Amino acid sequence: MNETARKPVPAKKVILRTLLYLVVIAVCVITLYPYFAMFCTALKSRAEIFSPHGTILPVTALWTNFIDIWDRAPMARYLLNSILVASGSTVIAMLCGIPAAYALARMRFKGQTAFLGFVIVSQMFAPVVLLIGIYKVMLTLGLTDSVLGLVFINAAFNQAFTIWLLRGTFMGISSEMEQAATIDGCTRLQSMLRVLLPVAAPGIVTTLIFIFINAWNEYTVALCLISTDTNKPLTVGINIFNGYNMIEWQYLFAASIFAIIPVVILFMGIEKNLVSGLASGGVKG
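Overview of the structure. (Residues numbered from 1 in each chain as written. Predicted model: local features only at pLDDT ≥ 70, side-chain atom pairs only at ≥ 80, totals over all residues. Heavy atoms only, no water.)

1. Examining the overall build of the chain
Counting its regular elements, the chain contains 14 helices and 0 strands. The linear arrangement of helices and strands in the chain, starting from the amino end, is α-α-α-α-α-α-α-α-α-α-α-α-α-α. Taking 285 residues into account, the globule formula puts the C-alpha radius of gyration at 19 Å, and the chain, at 24 Å, lies well above it. Expressed as lengths along the three principal axes of its C-alpha atoms, the size of the chain is roughly 80 × 70 × 30 Å. By the burial criterion, 38% of the 285 residues in the chain qualify as buried. Taking the intrachain contacts of the chain between residues at least 6 apart in sequence as the baseline, contacts between residues at least 24 apart amount to 74%. Here the chain displays about 17,000 Å² of accessible surface, and carbon together with sulfur accounts for 70% of that area. (Helix = DSSP H or I, 4+ residues; strand = E, 2+ residues; numbered from the N terminus. Rg over C-alpha atoms; globule rule 2.2 N^0.38 Å. Buried < 20%, exposed > 50% of the residue type's maximum accessible area, 1.4 Å probe, protein only. Contact = heavy atoms within 4.5 Å. Areas by Shrake-Rupley, 256 points an atom, 1.4 Å probe, with all protein chains shown as cover.)

What follows is the structure, given as structure tokens:
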């Protein structure tokens, strides 16, 4: 047997690795515990939730709570509205953000630095600060109380993030491949579509998922603009279980779990591209 294979692992290395595992486990427990508590509460009855002797685990799991919410509220409509808002705003933000990010990464033009600074500054404004202006604009366009209005608003709010992250992704890719494609007869647009975008796929997927999640979780603007129950996204619609006199926690948490599932599925689908995409988007330019 090779002497190197029989060499014992240093005790210091074992201790450090053990500490690392303990820290990771502790972080996972702290992060996942609220979701575990929410899931357990969704399985309880109202009496058990307000019982002074209750525990975190339900005495009797009421799986029917997950079925009852579909009868008590138009959950399917809320879910469809959220999918439309998140998907539509993601598509618009990407269609506008990719050309803008490409121009900032590959071209040089007058006012480029000022424009990039404006993009960064625009991220400083929270939606709640701009609510009055947003409402007036939507009222003028006739888009208040509409799903289409939410699509445009979420696309606008995520535009700066899209441009900034994709610009870093594109700058991290050598321009020589595009130049070679141009020599072979490709136009600038063709070289971007056929050469740059496939190489930048991890960064594009990462940007896409963050835009989708931001639009999916948006609450304040939708709460202020949408009044018709059938036009509410899921984040606002589940407030139906938050009454004036009481909060039906078991139904509220059961509906919240349905709101989490699409995001979890998306994260599972892009897990491999997430780290590389964030790294490429963080290139200093």
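2. Some details on helix H3 (residues 65-72)
Residues of H3 that are buried include every one of Asn65, Phe66 and Ile69, and no others. Along the long axis of H3, the arc covered by the buried residues comes to 105°, so they all point the same way. Residues of H3 that are exposed and point more than 90 degrees away from the buried face comprise Ile67 and Asp71. (Arc of directions from axis to C-beta.)

3. Focus: the layout of surface pockets
The computed volume of the largest pocket comes to approximately 410 Å³. Along its surface, the largest pocket is lined by 15 residues, and Tyr35, Met38, Ile260, Val263 and Val264 are the ones closest to its centre. Counting residues per element, the lining of the largest pocket draws most heavily on helix H14 (residues 249-281), which supplies 6 residues. Here the residues of the lining of the largest pocket are counted per class, giving 11 nonpolar, 4 polar and no charged. By volume, the second largest pocket is sized at about 330 Å³. Among the elements of the structure, helix H5 (112-122), helix H7 (147-157), helix H8 (159-171) and helix H11 (201-217) are those that each provide at least two residues to the lining of the second largest pocket. Among the residues forming the lining of the second largest pocket, the class breakdown is 11 nonpolar, 6 polar and 1 charged. (1 Å grid on protein atoms, 1.4 Å probe; cavity = no way out; pocket = protein on both sides within 12 Å on 5 of 7 lines; lining within 4 Å. Points joined across faces, edges and corners; volume = space filled by probe spheres on them. Nonpolar A, V, L, I, M, F, W, Y, C, P; charged D, E, K, R; others polar.)

4. Describing unusual backbone geometry
Backbone geometry at Asp145 places phi at a positive 55°, although glycine is not the residue there. Turning to its location among the elements, Asp145 is positioned in the loop between helix H6 (131-141) and H7.

5. As for empty space enclosed by the protein
In this structure the tally under the stated criterion is 1 cavity of 30 Å³ or more. By volume, the largest cavity amounts to about 40 Å³. What lines the largest cavity is simply Ser82, Val85, Leu150, Asn154, Ala215, Trp216, Glu218, Ala222, Pro233 and Thr235. For the lining of the largest cavity, the secondary-structure elements that each account for two or more residues are helix H4 (75-106), H7 and H11.

6. Observations concerning the pattern of salt bridges
Applying the stated criterion across every chain, the model contains 2 salt bridges. With a shortest N-O distance of 2.5 Å, Arg72 and Glu248 are connected by a salt bridge. Residue Arg72 is located in helix H3, and its partner Glu248 is located in the loop between helix H13 (234-237) and H14; the two are separated by 176 residues in the primary sequence. Look at Arg72 and you get partly exposed, because its relative accessible area is 41%. Asp229 is paired through a salt bridge with Lys232; the nearest N and O atoms lie 3.8 Å apart. (Salt bridge = Lys/Arg side-chain N within 4 Å of Asp/Glu carboxyl O.)

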